[in-house]
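An overview of the molecular structure
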Amino acid sequence: VTAFNKHIDIVIDGRKYRVIDTPGLQDTGLTAKEINDRIKVFAFLAKCGVDAFLFTYNLKKRFQHQELQALKAFEQACSKEALLHTALVFTHAGDEAGEQGVCRVQTEAKGLPHLEECCNKVGHRLCAVECGDQSRWCEMRRLLLAMVEQVR
């Protein structure tokens, strides 16, 4: 759980990226105003603008109403246009990292209205990664960078 904005600057294939980790909207005890205020702070860290917003969810956990509410709070705080540059990243995908995990999410969304609405809000820009296995870091990086380029 991220309580405060953190960032790291990285260079991949000669291209500079600034990754900003912000407080989760559904996993903190903050009020809506406090979350909004903290999100505004990251604008200072992104002086050149934001190319993409990646909403992360744990694929091993059941998708709940709070996840949809978090995306709606983000939309209200940042604008509907921000959703055009937003993707959903499902972590802890294990052997389902990549296309197999995305297919699983799409299948599950048909029976979970909250998940389906989230997928619709971001134009079905989805990515499934395994973040716990360091041997899969290259694959995860490739998937995430492809997602960032898709929403730029």
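Scroll up a little and you will see the structure.
Reference entry: report on the structure contained in this document. Remember, predicted model here, so these are calculated numbers, not experimental data. Residue numbering note: each chain is counted from 1, following its sequence as written. At least 70 in pLDDT is required for a residue's local features to be given in this predicted model, at least 80 for side-chain atom pairs to be given and counted, and no such filter applies to totals for whole chains, interfaces and linings, which use all residues. Only hydrogens and water are set aside when side-chain values are computed; all heavy atoms of the structure are taken into account.

In terms of regular secondary structure, the chain is built from five helices and five strands. What you see in the chain, going N to C, is helices and strands ordered as β-β-α-β-α-β-α-α-β-α. Buried, partly exposed and exposed residues are distinguished by accessible area as a fraction of the type maximum, computed with a 1.4 Å probe on protein chains only: under 20%, between the cut-offs, and over 50%, respectively. Across the 152 residues of the chain, 36% fall into the buried class. A contact between two residues is defined here by any heavy atoms of the two lying within 4.5 Å. Sequence separation of 24 or more characterises 67% of the internal contacts of the chain that already satisfy a separation of 6 or more. Surface exposure of the chain reaches about 9100 Å², of which carbon and sulfur atoms provide 52%. Elements are defined by DSSP. Helices are runs of H or I of four residues or more, strands are runs of E of two residues or more, and each kind is numbered from the N terminus. All accessible-area figures derive from a Shrake-Rupley calculation using a 1.4 Å probe, and residue coverage is judged against the displayed protein chains alone.

The next point concerns unusual backbone geometry. Unlike most non-glycine residues, His92 shows phi in positive territory, near 60°. The exposure class of His92 is partly exposed, given its relative accessible area of 30%. Positive phi values are uncommon outside glycine, yet His124 reaches one of about 60°. On the secondary structure map, His124 appears in the loop between helix H4 (113-121) and strand E5 (126-128).

Along any regular strand the residues' side chains alternate between the sheet's two faces. Across seven bridges, strand E1 (residues 6-12) lies against strand E2 (residues 15-21) in antiparallel orientation. Bridging across to E2, Ile10 finds its partner in Tyr17. Connecting E1 to the antiparallel partner E2 that follows it, the hairpin turn spans two residues, and Asp13 within it adopts a positive phi of roughly 55°. DSSP calls a pair of strands paired once it identifies at least 2 bridges connecting them.

Now for the nonpolar core. In this structure, Leu71, Leu88, Phe90 and Leu115 are the most contacted members of the largest nonpolar core, which totals 27 residues. Those elements that place two or more of their residues in this core are helix H1 (32-45), strand E3 (53-58), helix H2 (65-78), strand E4 (86-91), helix H3 (99-109), H4 and E5. No other element matches H2, which puts four residues into this core. Residue contacts for Leu71: discarding those within four places in its chain leaves Phe55, Tyr57, Leu83, Cys118, Lys121 and Val122. By nonpolar core is meant a set of buried Ala, Val, Leu, Ile, Met, Phe, Trp, Tyr and Cys residues that side-chain atoms within 4.5 Å join together. Formed by six residues, the second largest nonpolar core is a distinct cluster that contains Val89, Cys127, Leu144 and Met147.

Another aspect to go through is the pattern of salt bridges. Once the charged atoms of two side chains with opposite charge are near each other, the side chains can pair. The term salt bridge refers to a side-chain nitrogen of Lys or Arg lying within 4 Å of a carboxyl oxygen of Asp or Glu. By the definition in use, this model includes four salt bridges. With a closest N to O distance of 2.7 Å, Lys121 and Glu75 form a salt bridge. Of the two residues, Lys121 sits in helix H4 while Glu75 sits in helix H2, which places them 46 residues apart along the sequence. Judged by its relative accessible area of 23%, Lys121 is partly exposed. Taking the shortest distance from any N to any O, the salt bridge between Arg104 and Glu108 comes out at 2.8 Å.

Here we take up the packing of aromatic side chains. Think of it this way: a Phe, Tyr or Trp ring, Trp meaning its six-membered ring, pairs with another when their centres are within 6.5 Å, and the plane angle makes it stacked under 30 degrees, edge-to-face over 60, tilted otherwise. Evaluated as defined, the whole model comprises five aromatic pairs. Seen in terms of ring centroids, Phe55 and Tyr57 are 6.2 Å apart; in terms of plane orientation they differ by 35°. Their pairing is tilted. On the basis of relative accessible area, Phe55 is assigned to the buried category, the value being 10%. For the ring pair Tyr57 and Phe63, a centre distance of 5.1 Å and an interplane angle of 65° mean the geometry is edge-to-face. Comparing Tyr57 with Phe63, the two get one shared label, buried.

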